[in-house]
Amino acid sequence: MSKRTKKLGDGTVPTKKVNTGSIEEFDIIEAGRRKENTGNCGQNGKNRPSLHWSASQVGIIESISLKNFMCHACLGPITFGPHMNFVTGNNGSGKSAVLTALIIGLGGKATATNRGYAAKEFVRNGENSACISITLRNRGLDAFKPELYGEAIIVEQHISSQGKRQYRLKSKSGHIISTKKEELSMIVEQFNIEVDNPVSVLNQEMSKLLLLSKSGEEKYKFFMKATHLERMHEDYCQIMQTKTITKEKIEKQDENVTQLKKKVKEKERQYKNLASLNELQEKLEHLKNQMAWALVIEIEKDLDSIKNCLQGEQRHSIKYNQKVEEWQAEVNSAELKVRAVQDQLQKMTEEKEQLVRELLTLKEDIQRKKKACKESEVMFHCCKSQLKQLVKDHNYLQRRIEELNSGSLSSKANPTELKEGINCLQGQLKALKDQEVTILQQIEDYYYAISNFKDQQDNLRREEQSMKNVVQSRKRQLNELKASRMDRLKRFDGNMPALLYAMEEAHKQGHFQKKPVGPLGACFRLKYPELALAVESCLKGLLLSFCCDNYRDEKVLQTLMSRYFSSGRRPQINVCEFANQEYNVKDSAVHHPDFPTVFDSLEMSNPVVANCLIDLRSIERILLIKSNNRAREIMQQQKPPVNCREAFTAAGDQVFFNRYYSSESDRARYLGGDVESEISQLDVEVNEKMAQMLFYQQQLESIEKGILIVHNHINNAQMQRKQIQQRITEIVIETADLESIEELQSVDIPTLKGEALYIWHRIESAQNKLEQARKEMNEHWTLLDAAEHKYKEMKEKEYSLVEESDSVKEEQSKMDTEVEKYKHHKRHSEEERNRHLDKIDKLKKRLVNKDNILERDIAKAKQICVQRLEVTRNPMSIDVEINCLRERINMTQERHGNKEEVTRQYFEVLEMQKNVQNQMKSLKKFMQLIDKIMEERQKAYEKFRKYISLRCKLYFISLMSKQHYHGKINFDHKNMNLSITVQREEGVKTARGDLRSLSGGERSFSTVCFILSLWDTMESPFRCLDEFDVYMDMVNRRISIDLMLQVAKYESCHQFFFFTSLNMSFLPDISLIRILCMQDSERGQATLSFASQDESEDSDD
């Protein structure tokens, strides 16, 4: 029975009151009880649970979630209300799965679900395990260990496909408190949860079985099991069987008493025949007394020492907590800086992309402006030629006017010859102008070629400078490799051997508490040399770093480094306590069948190096994959392996699950294998780079020669153009002379003056056009210069932005290393604090152990000697004296016999006789008492059974009367039979125990009333009813639901679950009711593969 019900061992009845009066009296008492419950549980007179009462409920289910359970891959989390919960949904939506998981998750057997014989049958097909998580409320006075679990207990159960069940009992915050099933059993017992009780959790099969059952014996068994009367009856039968066995043993023991009396007489005779040895025995006893209290005094001294040590350690706890908080603040600050640098790098990347787009636009604009400049220049030269021609024409007319005034014209020319000469000159003029246009086009093409040459020249100069930097870097590496032929440490830095020598000398002089370890790159060997670049890309600056055991050694090492390295080039120093054993990374490491981790690829003899790399870089969680495509496939296209955070390829590329970074290096600098082969390879690479740089220089010289040649072509074209323009001018003048000769006789001086004036006006207009063309040409050249200047500035800005982004990336890398360093320091401080707390715990345990030992030894000492003796002697000296005295006693006993043994045997046998006689006497009295108690308990059991039966009967009558039925439950305890009789309003009465005359809905309603009557006799915090309306029509279904709602409102201190596949939208919208509609899910498992009934229940791990 419940822990809230008193035990029946004293012959009393349970404290739960049961009315034995009439139906009217029952209704009055029931109304009073409900009024009392309403006063306790209601709110504002509306039968709603108060906040105080809801907060104190224990054992109700707050939520449940399932994973790979039955046919559901993931179901939940489903949050339930604290009172009435209607779970609806179509068949297969998960209602029965929730109910089954509730039974299994709270420790019930698989057979109790009527859905299988073993828990492994509930694991979804194709999955290795299933998971059930149930959250129980843990509030109020009956809360279970609230200081550990808090206001909720999360019961999590994992069921493997092999049938093993593992429990995890978590607090409200998610911390695991226990993994033992015994703890779950205590919780279930504390909360009075009975998942195996068919009334507490009534599933579909049991509901249908109860509904369709025709046997009164089955209904009676159901009643007995639901009210735990069956268990009480079995306990009483077991007690009576044990009593019978005990009586048989008492009879056998009477025969042994007679033989024991004979043995006592024989030992008494031997005891009286013994002589003295009393003096030696007394002295020995006195020494034993001293020995007992000497041990007590020694333990008291140890206890005082432990107390002093514990007080000292407790005073240092504040220092460890402050250190952890300081490093946490450093970690937070460093992470903020890293995020700021990341934002800055992102901003610079966006700015660079914007700048590239602007450069492309600006380059197109420069091409357009160059074309416009060339066109304006051609226009300027055309205007200039026209102006020169007009000036020559004007000068010619002035000369003619002067000649006419002086009368120098002497003869007339032949008109036909003049006309032929003019036509010839005009033909020559047209050919020359066509030739001039061709030369202008050539000049434009030459300028365009010069522009292309300059672009190529700029690109080659950048490539040449980049190649120079690469050659210098390779030459520096080559010099380091040549220097490392004799000393491998010079490969890490030329000053590294000197630093290690200084460290050795400082260690000999005692400046270090523990000699630092480093550089880390020189402290391990590669199992797979072909992955050297991958390992180097992973560890980066850690290869040059050192490890110190404490911060004092770090300061000493910093001082030594300042002699050999500048502040920006000093190797990193990691502070971590040196350990003699490597970390156990079996659970946190990546395990892949084809590819090793960085941890697996290194051979490290020093555990300090391994632990440092695990702390700072998590090398056990980084995979090494040779192929880039395979790395992308494993890390990005598939689900990454368990515990894998990143991977590196043989080319040094870094691969995450959502991004990919290419390596900037193409060879390992520090971890290469054969130095000579690397030197030869590096020589070849330097020669190739030098040849490539020489090729760039030759290309530059070729371009410069090409530019010079094009300039010569431009100069030649300009000279040809000038010659053509001079020839054009001469032909124009000759043509004008011939035309003037032809018309000279008919032209008078005023006409010539008028024409000269007209040409002068054209000259002024041409001068204006020339100035306008010059201005436009200058403006175009100014715009072109400004655009080229802006292009150059933006190009320089791009170079500076690239350099700045590289420095920011380097700064980000340093900050990442710094964050890892601070995290390492924090973990180190936490480990120190934990070790400190462990030490305090050990001291406390030692203190408690010593206290227990002291109490035990004091008790033993008092048993030996009641009065405390202040002994100053050492227990060892007392023990020596005791041994000597015992040798003397033994020698004496060899002659006279062992008095102690004979005495002991005599008194033991005598004591045994008394004990056996007393036991026999006590057992006989106890058996008499048992007979009396069992008689009283049997009466109390029958009385309690009567009260429970009567309460169930009256409650059933009251519930049936609400639907105008006359129902009655008849109990025949002697024949273990239960029958239900129901009579309709028309007066038709069914046969006793036979409800077949009723419809399916009426029979279901009667069954619901029967179940509600049984609910009134139990105290489980929640009640579950599955498919309660399976055979009901809509009228009886509505009546049954209203009845259950009414009962549930009055019992608002309990939680109710009603599972149905029908719609519940007609329910009132009140806070006491929560309707959960289960959605149809994809069923990947059509049927459950049930095992045979012979299989045993699954084991609990």
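Quantities reported herein were computed from a predicted structural model and do not represent experimental measurements.

Colleague: Lay out the overall build of the protein chain with the relevant residues and their values.
Modeller: Along the protein chain, the regular secondary structure elements total 22 helices and 21 strands. Counting only residues that meet the buried cut, the protein chain has 43% of its 1101 residues in that class. For the protein chain, long-range pairs separated by at least 24 residues make up 77% of all intrachain contacts whose partners lie at least 6 apart in sequence. Here the protein chain displays about 61300 Å² of accessible surface, and carbon together with sulfur accounts for 49% of that area.

Colleague: Give a description of the packing of helix H12 (residues 496-508) against helix H14 (residues 551-564) that names residues and reports values.
Modeller: If you want to describe how two helices pack, look at the angle between their axes and the distance between the axes. Packing of H12 against H14 brings their axes to within 10 Å, and their N-to-C directions diverge by 145°. As H12 packs across H14, the resulting crossing turns out to be right-handed. Residues Ala498, Leu499, Ala502, Met503 and Ala506 of H12 pack against Leu557, Leu560, Met561 and Tyr564 of H14. For the contact of H12 with H14, the class distribution of residues is 9 nonpolar, no polar and no charged.

Colleague: So what about the packing of aromatic side chains? Which residues, and what values?
Modeller: Under the counting rule described, the total for this entry stands at 9 aromatic pairs. With a centroid separation of 4.8 Å and 90° between ring planes, the pair formed by Phe80 and Phe1057 is classed as edge-to-face. Here Phe80, found in the loop between strand S2 (72-79) and strand S3 (84-88), pairs with Phe1057, found in strand S20 (residues 1055-1060); they are 977 residues apart in sequence, far enough to count as distant. Its relative accessible area of 2% is what places Phe1057 among the buried residues.

Colleague: How would you sum up the pattern of salt bridges? Please name residues and give values.
Modeller: Taken as a whole, this structure holds 30 salt bridges when the rule is applied. Between Lys243 and Asp931 there is a salt bridge; the shortest N-O distance is 2.7 Å. Placement of the pair is Lys243 in helix H8 (residues 229-273) and Asp931 in helix H20 (residues 899-961), with a sequence separation of 688 residues. One salt bridge connects Glu832 with Lys323, and the closest N-O pair in it is separated by 3.8 Å. Placement of Glu832 in helix H18 (residues 749-864) and of Lys323 in helix H10 (residues 317-406) is noted, with a sequence separation of 509 residues between them. Put simply, Arg139, Glu151 and Lys172 are held in one network by salt bridges that share partners.

Colleague: If you had to explain the sheet that holds S20 to someone new, which residues and values would you point to?
Modeller: Spatially, the 5 strands line up as an open sheet ordered S8-S19-S20-S3-S21, and their pairing is parallel. Each of the sheet's edge strands pairs with one partner strand only, and the pair in question is strand S8 (201-202) and strand S21 (1073-1077). With 2 bridges connecting them, S8 and strand S19 (residues 1022-1026) associate as parallel partners. By the bridge assignment for S19, Leu202 is matched with Leu1025. Where helix H3 (residues 95-105) meets the sheet, its contacts fall on S3, S8, S19 and S20, and the angle it forms with S19 comes to roughly 140°.

Colleague: Can you break down the side chain of Gln1055 residue by residue, with the values?
Modeller: Considering the arrangement of structural elements, one finds Gln1055 in strand S20. Gln1055 has contacts with Ile60, Ile61, Phe80, Gly81, Pro82, His83, Asn85, Pro1021, Phe1022 and Arg1023, leaving out every residue within four places of it along the chain.

Colleague: Go over a nonpolar patch on the surface, please, and point to the residues and values.
Modeller: A cluster of nonpolar side chains, Leu923, Phe926 and Leu929, forms an exposed patch at the surface whose accessible area comes to about 250 Å². As for its position among the elements, Leu929 is in helix H20. Overall, the relative accessible area of 43% leaves Leu929 in the partly exposed class.

Colleague: Any details on helix H5 (residues 181-191)? Residues and values, ideally.
Modeller: For H5, the set of buried residues is Glu183, Leu184, Ile187, Val188 and Phe191. Buried positions in H5, seen along its axis, are confined to an arc of 135° and lie on one side of it. Among the exposed residues of H5, those oriented more than 90 degrees off its buried face are Glu182 and Glu189. The first or second residue beyond H5 is Asn192, which carries a positive phi of 65°.

Colleague: How would you explain the pairing of strand S17 (residues 966-972) if you had to name every residue and give the values?
Modeller: Pairing analysis gives 7 bridges linking S17 to strand S18 (residues 977-983), with the strands arranged antiparallel. Bridge pairing links Asp972 to Asn977 in S18. The loop that links S17 with its antiparallel partner S18 comprises 4 residues; one of these, Met976, has a positive phi angle of about 50°.

Colleague: Tell me about the sheet that holds strand S14 (residues 646-649), and name the residues and values.
Modeller: In spatial order, the strands read S13-S14-S15-S16; together these 4 strands make up an open sheet with mixed pairing. Across the chains shown, the open sheet's two edge strands, defined by having one partner strand only, are strand S13 (622-625) and strand S16 (660-661). As paired strands, strand S15 (residues 654-655) and S16 are joined by 2 bridges and run antiparallel to one another. Note on S16: the bridge partner recorded for Gln654 is Tyr661. Contacting S13 and S14, helix H13 (residues 532-539) runs over the sheet at an angle of about 140° to S14. Sheet contacts for helix H16 (residues 628-637): S13, S14, S15 and S16; angle to S14, the most-contacted strand, approximately 170°.

Colleague: Describe in detail the pairing of S2, supporting the description with residues and values.
Modeller: Pairing analysis gives 5 bridges linking strand S1 (residues 58-69) to S2, with the strands arranged antiparallel. Within the sheet, the bridge partner assigned to Leu66 lies in S2 and is Leu75. Between S1 and S2, which pair antiparallel and follow one another directly, the connecting turn spans 2 residues, one of which, Met70, has a positive phi of 55°.

Colleague: Pulling in residues and values, what's your account of unusual backbone geometry?
Modeller: Here the bond from Gly76 into Pro77 is cis, since omega is 5°, no more than 30 degrees from zero. Take Pro77: it is sitting in strand S2. Across the junction of Gly518 and Pro519, the peptide omega takes the value -10°, indicating a cis bond. By secondary structure assignment, the location of Pro519 is in the loop between H12 and strand S9 (524-526). Located in the positive-phi region is Met70, a residue other than glycine, with phi close to 55°. If you check the backbone angles, Ser618 has positive phi at about 50° while not being a glycine. With respect to the helices, strands and loops of the structure, Ser618 is situated in the loop between helix H15 (607-617) and S13.

Colleague: Residue-level account of the side chain of Ser171, with values.
Modeller: Residue position: Ser171 is located in the loop between strand S6 (165-170) and strand S7 (176-178). Judged by its relative accessible area of 4%, Ser171 is buried. Side chain to side chain, Ser171 and Ser173 meet in a polar contact 3.1 Å long. The contact partners of Ser171, leaving out residues within four places of it in the chain, are Leu148, Tyr149, Ala152, Ile154 and Ile177.

Colleague: An account of the state of the cysteines is needed here, citing residue identities and associated values.
Modeller: Counted by the stated rule, this structure contains 0 disulfides. Not part of a disulfide, Cys576 finds its nearest cysteine sulfur in Cys547, a span of 4.5 Å. On the basis of relative accessible area, Cys576 is assigned to the buried category, the value being 5%.

Colleague: I'd like a rundown of the confidence of the model for the protein chain, residues and numbers included.
Modeller: Of all residues in the protein chain, 83% attain a pLDDT of 70 or more, and the chain-wide mean is 77. For the stretch residues 408-412, pLDDT sits under 50, and the model shows 3 contacts to residues farther than four places along the chain or on other chains. Predicted confidence is poor over residues 987-993, with pLDDT under 50, and the contacts of this stretch with residues over four places away or in other chains come to 16 contacts.

Colleague: Talk me through a negative patch on the surface; I want residue IDs and the actual numbers.
Modeller: A cluster of acidic residues, Glu248, Glu251, Asp254 and Glu255, forms a negative patch at the surface. The topology assignment puts Glu255 in helix H8.

Colleague: Let's hear about the environment of His825: which residues, and what values?
Modeller: With respect to the helices and strands, His825 occurs in helix H18. Once the C-alpha coordinates of His825 and Val575 are considered, the two residues, 250 residues apart in sequence, prove to be 7.0 Å apart. Beyond its immediate sequence surroundings of up to four residues, His825 is in contact with Trp327, Tyr551 and Val575.

Colleague: I'd like a description of the environment of Ser979, backed by residues and values.
Modeller: By the secondary structure assignment, Ser979 is in strand S18. What makes Ser979 buried here is its relative accessible area of 4%. When the C-alpha atoms of Ser979 and Lys219 are compared, they prove to be 7.6 Å apart, with 760 residues separating the residues in sequence.

Rules behind the numbers
Residues numbered from 1 in each chain as written. Predicted model: local features only at pLDDT ≥ 70, side-chain atom pairs only at ≥ 80, totals over all residues. Heavy atoms only, no water. Helix = DSSP H or I, 4+ residues; strand = E, 2+ residues; numbered from the N terminus. Buried < 20%, exposed > 50% of the residue type's maximum accessible area, 1.4 Å probe, protein only. Contact = heavy atoms within 4.5 Å. Areas by Shrake-Rupley, 256 points an atom, 1.4 Å probe, with all protein chains shown as cover. Axes fitted to C-alpha atoms, helices over the stretch in contact; angles between N-to-C directions. Left-handed = near helix turned anticlockwise from the far one by under 90°. Nonpolar A, V, L, I, M, F, W, Y, C, P; charged D, E, K, R; others polar. Phe/Tyr/Trp six-rings, centres within 6.5 Å; stacked < 30°, edge-to-face > 60°. Salt bridge = Lys/Arg side-chain N within 4 Å of Asp/Glu carboxyl O. Pairing = 2+ DSSP bridges. Patch = residues over 30% accessible without salt bridge, like charges linked within 9 Å, V, L, I, M, F, W, Y side chains within 5 Å. Arc of directions from axis to C-beta. Polar contact = N/O pair within 3.5 Å; in protein donor to acceptor, adjacent residues only side chain to side chain. Disulfide = S-S within 2.5 Å. pLDDT = per-residue confidence, 0-100. Lys, Arg positive; Asp, Glu negative; His and termini not counted. Charge placed at Lys NZ, Arg CZ, Asp CG, Glu CD.

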